[in-house]
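# Residue-level structure breakdown
Residues per chain, in single letters:
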Amino acid sequence: MTLDIRKVTAHIGAQVSGVDIAGPLDGETVAALREALNVHKALVFDDVHLDDEGQQAFARHFGDLTTAHPTVPAVDGAANVLPVDSEQGSASHWHTDVTFVLNPPQASTLRSLTLPPYGGETLITNSAAAYRSLPDPLRQLADTLWAEHTNDYDYAVPAEDIDEKKAAQRAQFTSIKYRTAHPVVRVHPLTGERGLFIGGFAQRIVGLSVTESRTLLDLLQSYVVRPEHILRHRWSPNQLVLFDNRITQHYAVDNYDRQARRLHRVTVAGDIPVGIEGKESYSVEGDASHYTSVAA
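The protein appears in an unreviewed UniProt entry as TauD/TfdA family dioxygenase from Streptomyces aquilus. Turning to the protein, the UniProt record has this under Cofactor (unreviewed entry): "Fe(2+)". A UniProt comment under Sequence similarities (unreviewed entry) is attached to the protein, and it reads "Belongs to the TfdA dioxygenase family."

Right under this line is the structure:
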C-alpha cells in the first residue's frame, strides 16, 4: 500500500487514501499514520467499511482503548463504543473529549452511520495553532495558568428546553462527579508542541474567581475558534475521522432540523497531561479507573 496524504486546510486536516483500515496494518503503516496525525491533527478516511469491531481494531493500533465513557452507556455488546446520536442531543459546544478525568483520551475516532440530508458537520480546531497565534503577553500569562475541568457545571440551558428526558440524561452524565486540574498550556508528548488545553469542561482558573476565570477562558478560547484554525468536516457515508484529542477541540454543529444523525466513537487511552514546567495534571474529585488506563 502507498499512503496518499493530502492537506485539507493550512492548519488542520488531511485526507488519507491508499490504505484499507478495515484490515490489519503493519508497523510501518501505523507509524506513517501516527506521523500524519502528529502533523495534521485530524485525518479523514473515505469509503471505509467497518463495523463496531473493526473500528475498535483500527483504534487499537494507536494504543489501549478506553471504555465508551465514564458515565454514559456504551453501544449494546460493545463496551468501547459510544453512540453519538441526535436522539441524545448534540455536543454543540467546543470541547476536548473527557478532559474532566486525569488522563483524557489521546485520540478519538468517529465513524458515520446515519447522516441527515444536510448539516450535521463536525468542526475540529488546532489548539497548537491557537497557542502560536497568541500575542506574547497573553502567551506568557497562559503558560502559568491551570484550569479546573469538570463534568458538573451549569450548561445555561433555557428552562423551557429541559424536559424529563434531558434532565435524566444530565443526571446520568454527572452521576459520578469529576474535577481535575490541567495546565492551560499542554505539551504534546510526541511532538513537543504547546497547545491551549481548555474547552467546554474547563470551568475555572485555579486561584481566580468564577467571574475572573470566565473572562480569561473566553479570551483564550477566542483564539482557539478562529476560522483559520478550524476544519469544517461535512460527513459522507462510510467515513471515519481520527483526531488527536490532546491538541484539538471539536464541535458538533446542530443545523439539521433534528433529523437522524448517528456516529460511533471509539477513543484511545491517553497519558496524564504535562505543562511547560513538567508538572502533571492532578485529580481533585472522581475516580476514572473503570474508564481508562494511563497510557505509557
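Text resumes after the structure shown.
Moving on to the environment of R265. One can find R265 in strand β15 (residues 262–268). With a relative accessible area of 9%, R265 lands in the buried category. For the pair R265 and A296, spaced 31 residues apart in the sequence, the C-alpha separation amounts to 22 Å. If we skip the residues at most four places from it in the chain, R265 touches Q55, A68, H69, N80, V81, L82, V84, D97, V98, T109 and L110. Among the polar contacts made by the side chain of R265, one reaches the side chain of D97 at a distance of 3.1 Å.

Further remarks concern unusual backbone geometry. Positive phi, close to 75 degrees, is recorded for K41, a residue that is not glycine. Looking at the secondary structure, you find K41 in the loop between α1 (27–40) and β3 (42–45). Located in the positive-phi region is R258, a residue other than glycine, with phi close to 60 degrees. Summarising the element assignment, R258 is placed in the loop between β14 (248–252) and β15.

Counting 25 residues, the largest nonpolar core has I21, L33, L43, F45, F58, L240 and L242 as the members making the most contacts within it. Breaking this core down by element, the ones donating at least two residues are β2 (14–17), α1, β3, α2 (52–60), β13 (240–244) and β15. The element best represented in this core is α1, accounting for 4 residues. In contact with I21, not counting residues within four places along its chain, are F45, V48, L50, F58 and L240. In terms of nonpolar packing, the next biggest core, distinct from the first, is built from 18 residues, L145, V185, L196 and I198 among them.

Let's shift gears to the sheet that holds strand β6 (residues 122–126). Taken together, the 3 strands give an open sheet; going across it, the order is β12-β6-β14, and neighbouring strands pair in antiparallel fashion. Edge positions in the open sheet fall to β12 (230–233) and β14, since each of these has one partner strand only. Strand-to-strand, the axes of this sheet are offset by a mean angle of 20 degrees, without reference to chain direction.

Turning our attention to the packing of aromatic side chains. Throughout the structure, instances matching the rule amount to 8 aromatic pairs. Ring geometry for F100 versus F201: centroids 5.0 Å apart, planes at 85 degrees, classification edge-to-face. Linking F100 in the loop between β4 (82–85) and β5 (107–114) with F201 in the loop between β10 (194–196) and β11 (202–205), this pair joins segments that are 101 residues apart in sequence. Considered together, F100 and F201 belong to a single accessibility category, that of buried residues. Judged by centre distance (6.3 Å) and plane angle (20 degrees), the ring pair of F173 and F201 falls under stacked. Here F173, found in helix α5 (residues 164–173), pairs with F201, found in the loop between β10 and β11; they are 28 residues apart in sequence, far enough to count as distant. F201 gets classed as buried once you look at its relative accessible area, which sits at 6%. One aromatic cluster in this structure is built from F100, F173, Y178 and F201. Stacked on the ring of F197, the Lys or Arg R186 has its end atom at 4.9 Å from the ring centre.

About the criteria used
Residues numbered from 1 in each chain as written. Predicted model: local features only at pLDDT ≥ 70, side-chain atom pairs only at ≥ 80, totals over all residues. Heavy atoms only, no water. UniProt positions renumbered as here; feature names shortened; annotations may be inferred. Helix = DSSP H or I, 4+ residues; strand = E, 2+ residues; numbered from the N terminus. Buried < 20%, exposed > 50% of the residue type's maximum accessible area, 1.4 Å probe, protein only. Contact = heavy atoms within 4.5 Å. Polar contact = N/O pair within 3.5 Å; in protein donor to acceptor, adjacent residues only side chain to side chain. Core = buried A, V, L, I, M, F, W, Y, C linked by side-chain atoms within 4.5 Å. Pairing = 2+ DSSP bridges. Axes fitted to C-alpha atoms, helices over the stretch in contact; angles between N-to-C directions. Phe/Tyr/Trp six-rings, centres within 6.5 Å; stacked < 30°, edge-to-face > 60°. Lys NZ or Arg CZ within 6 Å of the ring centre and 35° of its normal.

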